[in-house]
Amino acid sequence: MALRTVVSRKTLGLAKLGFSNARGLQTFSLPDLDYDYGALEPAISGEIMQIHHQKHHQAYITNYNKALEQLTDATAKGDTSTVVKLQSAIKFNGGGHVNHSIFWKNLTPVSQGGGELPEGSLASAIDTHFGSLEKLVQKVNGEGAALQGSGWVWLGLDKELKKLVVETTANQDPLVTKGANLVPLLGIDVWEHAYYLQYKNVRPDYLKNIWKVINWKYASEAYEKALP
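An unreviewed UniProt entry lists the protein under the name Superoxide dismutase, with Papaver nudicaule as the source organism. Quoted verbatim from the Subcellular location (unreviewed entry) heading of the UniProt record, the comment on the protein is "Mitochondrion matrix". For the protein, the Sequence similarities (unreviewed entry) comment in UniProt is given as "Belongs to the iron/manganese superoxide dismutase family."

See below:
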C-alpha cells in the first residue's frame, strides 16, 4: 500500500507476540494502520497522518522503551532516586503510545464506514446521557477547542456509574488518569501535530471535520466490551 509505515511487518508481528530483547525486556513497536495514510482525506491529509504515525508515535515508543530499560537497570541497582525521576517519562511516553494506539482505531475511511452514525446500545446510551449525538459532538468539540495547550478530548464510559462521560486530559495523559473506572471509547488528539499542517491554528475546523472519519463501530465494540 502507498505511504504505509516503514516498520516491517516482521517486526510488528514479533511485537504482537510480546517480543522481548536479549536482556529479557519487553519492547514495544509501532502498530500498523488498517488503512493508507491518504485514506482519511479530505478530513485529515495523508501528509499529517504519515508524520503523525511514523514520527510522533514512533518517538513516544522509542522513548518509552528507553525509559523502561533505564527503570529496569535502576531497580536492579536499588537506585530509588532514578526510579522516581523516570516516572514522568514513562507516563508521558507510555501514555503517548496508549493514546495513539486508540486514536488510529477511532478513525476509518468513509469507504469503510467512517462517519456512519453509531447504532445499538451505544447510540441509546448517547441519547440517554447527552440528549442526542449532535449534543455530544457539540460538547466534545467545545471542550476540545477550549483545552489550553496540548492534550486529548475523550468520550469514555464510567464503569462504576455506568455512564458516558466527556473528559479532557493534558499532554499525553491517558483517560485512566481521570479515574480508575474510566474506559476510553473515543479519543481525539488535539495536539497541533495532529492538525496544524492542514488547519493551521483553527482547531475547531479540525474538530468539526474529524467526525467524518470517526469509527463508531470500534467505539461501539469497546463500549460493549467494557459493560459489566
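(A) The arrangement of the overall build of the protein in detail. Counting its regular elements, the protein contains eight helices and three strands. Along the protein, helices (α) and strands (β) appear in the sequence α-α-α-α-α-β-β-β-α-α-α when read from the amino end. In the protein, the share of contacts with a sequence separation of at least 24, taken over all contacts with a separation of at least 6, comes to 68%. Of the roughly 11800 Å² of accessible surface on the protein, a fraction of 53% belongs to carbon and sulfur atoms.

(B) Local environment of the sheet that holds strand E1 (residues 151–158). The strand order across the open sheet formed by three strands is E2-E1-E3, and the pairing between neighbours is antiparallel. Two strands lie at the open edges of the sheet, namely strand E2 (163–170) and strand E3 (182–189), each paired on one side alone. Recorded for the sheet is a direction-independent mean angle of 25 degrees between the axes of neighbouring strands. The pairing of E1 with E3 spans seven bridges and is classified as antiparallel. Of the residues in E3, the one forming a bridge with Trp 154 is Gly 187. Along the sheet face, helix H4 (residues 120–130) touches E1, E2 and E3 and points at about 80 degrees away from the line of E2.

(C) Representation of the environment of Leu 40 within the structure. If you trace the backbone, Leu 40 turns up in the loop between helix H1 (9–16) and helix H2 (46–77). We classify Leu 40 as buried; its relative accessible area is 0%. Once the C-alpha coordinates of Leu 40 and Pro 109 are considered, the two residues, 69 residues apart in sequence, prove to be 5.1 Å apart. In this structure, Leu 40 is in contact with Tyr 35, Met 49, Leu 107, Thr 108, Pro 109 and Val 213, ignoring residues within four places of it in sequence.

(D) Spotlight on the nonpolar core. Core analysis: the largest hydrophobic core is formed by 52 residues, its most contacted members being Leu 164, Ile 210 and Trp 216. Formed by five residues, the second largest nonpolar core is a distinct cluster that contains Tyr 64, Ala 67, Leu 71 and Leu 86.

(E) Representation of the pattern of salt bridges within the structure. In the structure shown here, the tally under the stated rule is four salt bridges. Linking Lys 105 and Asp 34 is a salt bridge whose minimum nitrogen-to-oxygen distance equals 2.9 Å. Here the residue Lys 105 occupies a position in helix H3 (residues 80–105), and Asp 34 occupies one in the loop between H1 and H2, the gap between them amounting to 71 residues. You can call Lys 105 partly exposed: its relative accessible area is 34%. For Glu 167, the salt bridge identified is with Lys 178, shortest N-O distance 3.5 Å.

(F) View of helix H5 (residues 133–146). End to end, H5 covers 20 Å across 14 residues, agreeing with the expected 20 Å (1.5 Å per residue, within 8%). Buried within H5 are the following residues: Leu 133, Leu 136, Val 137, Val 140, Asn 141 and Gly 144. The buried residues of H5 all sit within an arc of 125 degrees when viewed along its axis, so they share a single face. What points out from H5, more than 90 degrees from its buried face, is the exposed set Glu 134, Lys 135, Gln 138 and Ala 146. Considering only its buried residues, H5 is in contact with H4, E1, E2, E3, helix H7 (203–210) and helix H8 (216–226).

(G) Here's a closer look at H4. Every buried residue of H4 is accounted for by Leu 122, Ala 123, Ala 125, Ile 126 and Phe 130. Across the axial projection of H4, the buried residues extend over an arc of 160 degrees, all falling on one side. In H4, the exposed positions that point more than 90 degrees away from the buried face belong to Gly 120 and Thr 128. Turning to H4, the residues buried within the fold contact H5, E1, E2, E3 and H8. Just downstream of H4, Gly 131 is the residue with a positive phi angle, here 100 degrees.

(H) Geometry of the environment of Leu 227. In this fold, Leu 227 is placed in the segment after H8. Among the residues examined, Leu 227 registers a relative accessible area of 29% and is labelled partly exposed. Residues Leu 227 and Lys 159, 68 residues apart in the sequence, show an inter-C-alpha distance of 6.8 Å.

Criteria and thresholds
- Residues numbered from 1 in each chain as written.
- Predicted model: local features only at pLDDT ≥ 70, side-chain atom pairs only at ≥ 80, totals over all residues.
- Heavy atoms only, no water.
- UniProt positions renumbered as here; feature names shortened; annotations may be inferred.
- Helix = DSSP H or I, 4+ residues; strand = E, 2+ residues; numbered from the N terminus.
- Contact = heavy atoms within 4.5 Å.
- Areas by Shrake-Rupley, 256 points an atom, 1.4 Å probe, with all protein chains shown as cover.
- Pairing = 2+ DSSP bridges.
- Axes fitted to C-alpha atoms, helices over the stretch in contact; angles between N-to-C directions.
- Buried < 20%, exposed > 50% of the residue type's maximum accessible area, 1.4 Å probe, protein only.
- Core = buried A, V, L, I, M, F, W, Y, C linked by side-chain atoms within 4.5 Å.
- Salt bridge = Lys/Arg side-chain N within 4 Å of Asp/Glu carboxyl O.
- Expected span 1.5 Å × (residues − 1).
- Arc of directions from axis to C-beta.

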